[in-house]
Amino acid sequence: MNDYIEQASANVRLQEGSRVIEQLLVECYLKPGISTKELARKTLLPVPVAAAVKKELIKAGVLQQGRGVYCTSTGNSYIEKVWGYDGIDKRLYQKLMEKETDWKSELADLILRLQPWFQARPQVNVQIDQSKCTLETSLSRAILGLRNHTLIGKKVLCVGDDDLVSVSIGFLLKRLFPSGSYPNAMIDVVDIDERFLSFIREIAEQEKLPIACHQVDLREPLPERLQRQYDCFFTDPPYTLQGMTLFLSRGISALKSNKGLPIFFSFAHKSPDFMLAMQREFIRMGLTAGETIPSFNEYEGAEMIGNRGQMIILKTTEQTRPDITTLFEDALYTGEVKRTLRTYSCKECGESVIVGFQGTYATIEDLKNEGCPRCRHDTFDLKHKKTV
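This text gives an overview of the structure that appears in the document. (Residues numbered from 1 in each chain as written. Predicted model: local features only at pLDDT ≥ 70, side-chain atom pairs only at ≥ 80, totals over all residues. Heavy atoms only, no water.)

1. Some points on the layout of surface pockets
Thought 1: The space that makes up the largest pocket amounts to roughly 1500 Å³.
Thought 2: Considering the residues around the largest pocket, the lining is formed by 50 residues, among which Q23, K42, R147, N148 and H149 are closest to the centre.
Thought 3: The set of elements that each furnish at least two residues to the lining of the largest pocket consists of helix 1 (2-12), helix 2 (19-30), helix 3 (36-43), helix 6 (90-97), helix 9 (135-147), strand 8 (287-298) and strand 9 (308-316).
Thought 4: The element best represented in the lining of the largest pocket is helix 2, accounting for seven residues. (1 Å grid on protein atoms, 1.4 Å probe; cavity = no way out; pocket = protein on both sides within 12 Å on 5 of 7 lines; lining within 4 Å. Points joined across faces, edges and corners; volume = space filled by probe spheres on them. Helix = DSSP H or I, 4+ residues; strand = E, 2+ residues; numbered from the N terminus.)

Below, the structure written as structure tokens:
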């Protein structure tokens, strides 16, 4: 089947990649008799392109045309057994996929089951920029992953998880699959804080969730066993430019090489200058910003950011590469950045620039926005840092 999908993508010269063909097939599976126009709307493809993809899949024997478009028995079997849709509650799935659905009412029982776990979370460690999002925000992130077709039968990574997104995804899968079996779905968590990892392991064991936890210091590259295998990742990194770049880089190293894979990136609302520096880093890593949702995230007791943060859905491209691939030695957390004086050298001309407390530039994003004072290049290496 994957060969058929890749062949269809190549024959149609589909720039969006093979993921959109998967989505098209799933729509035919969930809604037999769907029209070509509706398929185009669901997949955001032009109607002629959706029709061309449909034609290729009919030739491959996985779709058939009648009064609308249907999966063949071969297509149905593959979607259920290999892609992991066997036993799914189709009614609930289709309801949750609609943005107009009041999912909080639809999943009221699930929220009640999650409440005791969220109330029992370990205390946050502000020194490593932890802050707890609300239960509803955590579950909203899981719903967002579902609507972007990256939960059912997929390998999901949480890069840091004091927000228990892994747990919300696990509970959502349980609700979608009443039989308790969700083939091929896997959720991994990497975090430096063993308290949260132990807590998540306890929940996963008691609730029989497909979650595995790994204690990892993200200053170091991910272990080889965790690289190049995931379909998406969620992260809510330290709210510094260095923290953002590091967490995104580690997550990118864990993704498969396919283009169009989503990254669910939570971050504080920032000034236009900081956002400019952020977007420069996205471009440097070959990422596109598909959607930005202001005030998507709500936090408990995070007055410094107004208890709210944005969600940015990034997408991979053929040019996606992690910006940081080696040991990270720069200041990372907010407290570190404020207390250090750092010397950077321009990668283009070697000019040295002081950044930080009483430095020429207050922050690295200021330096990157301004550019090297000698050549205006905007990439730098850390050469030295000291606490002040």
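2. A closer look at the pairing of strand 7 (residues 262-268)
On any regular strand, side chains alternate: one points to one face of the sheet, the next to the other face.
Thought 1: For strand 7, a buried count of seven out of seven residues is recorded, marking the element as mostly surrounded by other parts of the structure.
Thought 2: One crossover worth recording links strand 6 (residues 232-235) to the parallel strand 7 by way of helix 12 (residues 241-254), and it is right-handed.
Thought 3: Bridge count between strand 7 and strand 9: seven bridges; the pairing is antiparallel. Along strand 9, the bridge assignment pairs F264 with I313. (Buried < 20%, exposed > 50% of the residue type's maximum accessible area, 1.4 Å probe, protein only. Right-handed = clockwise from strand over helix to strand, strands pointing away. Pairing = 2+ DSSP bridges.)

3. Remarks on empty space enclosed by the protein
It is the rolling of a water-molecule-sized probe over the atoms that shows where space remains empty.
Thought 1: In this structure the tally under the stated criterion is one cavity of 30 Å³ or more.
Thought 2: The calculated volume of the largest cavity comes to roughly 330 Å³.
Thought 3: G160, D162, D191, D236 and F247 are the residues nearest the centre of the largest cavity, which is lined by 30 residues in total.
Thought 4: Secondary-structure elements contributing two or more residues to the lining of the largest cavity are strand 3 (155-159), strand 6 and strand 7.

4. What about the nonpolar core?
Thought 1: Judged by nonpolar contacts, the single largest core of 78 residues is most densely connected at Y93, L172 and L176.
Thought 2: With eight residues, the single largest contributor to this core is helix 2.
Thought 3: In terms of nonpolar packing, the next biggest core, distinct from the first, is built from 47 residues, L226, F265, V355 and L367 among them. (Core = buried A, V, L, I, M, F, W, Y, C linked by side-chain atoms within 4.5 Å.)

5. Digging into the pattern of salt bridges
Thought 1: Taken as a whole and judged by the stated rule, the model has 26 salt bridges.
Thought 2: As a salt-bridge pair, E22 and K154 come within 2.9 Å of each other at their nearest N and O atoms. In this pair, E22 sits in helix 2 while K154 sits in the loop between helix 9 and strand 3, placing the two residues 132 residues apart along the sequence. Each of the two residues, E22 as well as K154, counts as buried. (Salt bridge = Lys/Arg side-chain N within 4 Å of Asp/Glu carboxyl O.)

6. Some thoughts on unusual backbone geometry
Thought 1: Unusually for a residue other than glycine, H149 sits at a positive phi of about 60 degrees.
Thought 2: A positive phi is found at R228, a non-glycine position, where the angle reads about 60 degrees.
Thought 3: When you line up the elements, R228 lands in the loop between strand 5 (211-215) and strand 6.
Thought 4: On the basis of relative accessible area, R228 is assigned to the exposed category, the value being 51%.

7. Observations regarding the environment of G350
Thought 1: Relative to the elements of secondary structure, G350 occurs in the loop between strand 10 (340-346) and strand 11 (352-356).
Thought 2: Note on G350: relative accessible area 42%, which makes it partly exposed.
Thought 3: A sequence separation of 25 residues divides G350 from C375, and the C-alpha atoms of the two residues are 9.6 Å apart.

8. Side note on helix 9
Thought 1: With 13 residues, helix 9 ought to run about 18 Å at 1.5 Å a step, and its terminal C-alpha atoms sit 18 Å apart, in line with that.
Thought 2: Of all 13 residues in helix 9, 12 are buried, a share of seventy percent or more.
Thought 3: Those residues of helix 9 that fall on the buried side of the exposure criterion are L135, T137, S138, L139, S140, R141, A142, I143, L144, G145, L146 and R147.
Thought 4: A positive phi of about 60 degrees marks H149, the residue just after helix 9. (Expected span 1.5 Å × (residues − 1).)

9. Re helix 4 (residues 47-59)
Thought 1: Helix length check: helix 4, at 13 residues, gives a terminal C-alpha distance of 18 Å against a target of 18 Å (1.5 Å per residue), a fit within 8%.
Thought 2: All of the buried residues along helix 4 are A50, V53, K54, E56 and L57. With its buried residues spanning 160 degrees around the axis, helix 4 presents them on a single face. Exposed residues pointing more than 90 degrees away from the buried face of helix 4 are listed as P48, K55 and K59.
Thought 3: Positive backbone phi, at 90 degrees, marks G61, one or two positions downstream of helix 4. (Arc of directions from axis to C-beta.)

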